[in-house]
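As a plain string of letters, each chain reads:
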Amino acid sequence: MLSGLNFGVLGALTNSFLNIPFYGHFSFYFGQIFVILCLVTRGLNAAFIAVIISSFALVTTLRDPFIFVILVSEVLVLHSMLRHEKFLLQSDLLFWACIGIPLSLFLLYITTGSNSTVLIISGLTLGINATFTAAIVALV
């Protein structure tokens, strides 16, 4: 439990202070690296604590409460797929292609009513961010 707290605080600090803006108000956030690393090394219980702490910092930064649901579901799906001996990068790409991006676009469309260009850029940002995150964790 203590390692989940440590990884969560590192993820929250990374989400709060280490973001890389690339287009307008869209940025890359790398706090999920610590959450997935915690999942791979410490297990689901510690990763669940880490994702709650790390996601809370991202929710306050982005002012989007639905990102919490998406990130928690990512950890749960990754845990399930890793238990079935799938590769980490493959599992993360499959999650974001089938569940993460469509769910986030649906929630953004319902809550903000943005036009399709903003939704596409937002979805691609999340997908690219998740791919970088999983690739970095797989390398570590």
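This structure is a prediction, so every number in the text was calculated from the model and none was measured.

Chemist: Would you mind going over the packing of helix H2 (residues 32-42) against helix H4 (residues 66-83) with me for this structure?
Modeler: Each pair of packed helices can be described by the angle between their axes along with the distance between the axes. Remark: H2 packs on H4, axes separated minimally by 11 Å, with the N-to-C direction vectors making an angle of 30°. Our classification of the angle between H2 and H4 gives roughly parallel. In this structure, the crossing between H2 and H4 has a hand that is right-handed. Contacts between H2 and H4 involve Gln-32, Val-35, Ile-36, Leu-39 and Val-40 on the former and, on the latter, Leu-71, Glu-74, Val-75, Leu-78, His-79 and Leu-82. Grouping the amino acids of the contact of H2 with H4 by side-chain chemistry returns 8 nonpolar, 2 polar and 1 charged.

Chemist: Honestly, the environment of Phe-7 in this entry has me stumped. Any pointers?
Modeler: Summarising the element assignment, Phe-7 is placed in helix H1 (residues 2-17). Given a relative accessible area of 14%, Phe-7 falls into the buried group. Spatially, the C-alpha atom of Phe-7 lies 9.3 Å from that of Ile-33, the residues being 26 residues apart in sequence. Those residues in contact with Phe-7 that sit more than four places away from it in its chain are Phe-34, Leu-37, Cys-38, Thr-41, Arg-42 and Ala-50.

Chemist: For this particular structure, what's the right way to read the packing of aromatic side chains?
Modeler: Considering all chains together, one arrives at 3 aromatic pairs under this definition. For the ring pair Phe-28 and Phe-132, a centre distance of 5.8 Å and an interplane angle of 75° mean the geometry is edge-to-face. Of the two residues, Phe-28 is situated in strand S2 (residues 26-29) and Phe-132 in helix H6 (residues 116-139); the sequence distance between them amounts to 104 residues. Note on Phe-28: relative accessible area 12%, which makes it buried. Relative accessible area serves as the criterion here: at 41%, Phe-132 is assigned to the partly exposed category. Ring-pair connections join several aromatic residues into one group, and the members of that group are Phe-28, Phe-30 and Phe-132.

What counts, and at which threshold
- Residues numbered from 1 in each chain as written.
- Predicted model: local features only at pLDDT ≥ 70, side-chain atom pairs only at ≥ 80, totals over all residues.
- Heavy atoms only, no water.
- Axes fitted to C-alpha atoms, helices over the stretch in contact; angles between N-to-C directions.
- Helix = DSSP H or I, 4+ residues; strand = E, 2+ residues; numbered from the N terminus.
- Parallel < 35°, antiparallel > 145°, perpendicular 65-115°, else oblique.
- Left-handed = near helix turned anticlockwise from the far one by under 90°.
- Contact = heavy atoms within 4.5 Å.
- Nonpolar A, V, L, I, M, F, W, Y, C, P; charged D, E, K, R; others polar.
- Buried < 20%, exposed > 50% of the residue type's maximum accessible area, 1.4 Å probe, protein only.
- Phe/Tyr/Trp six-rings, centres within 6.5 Å; stacked < 30°, edge-to-face > 60°.

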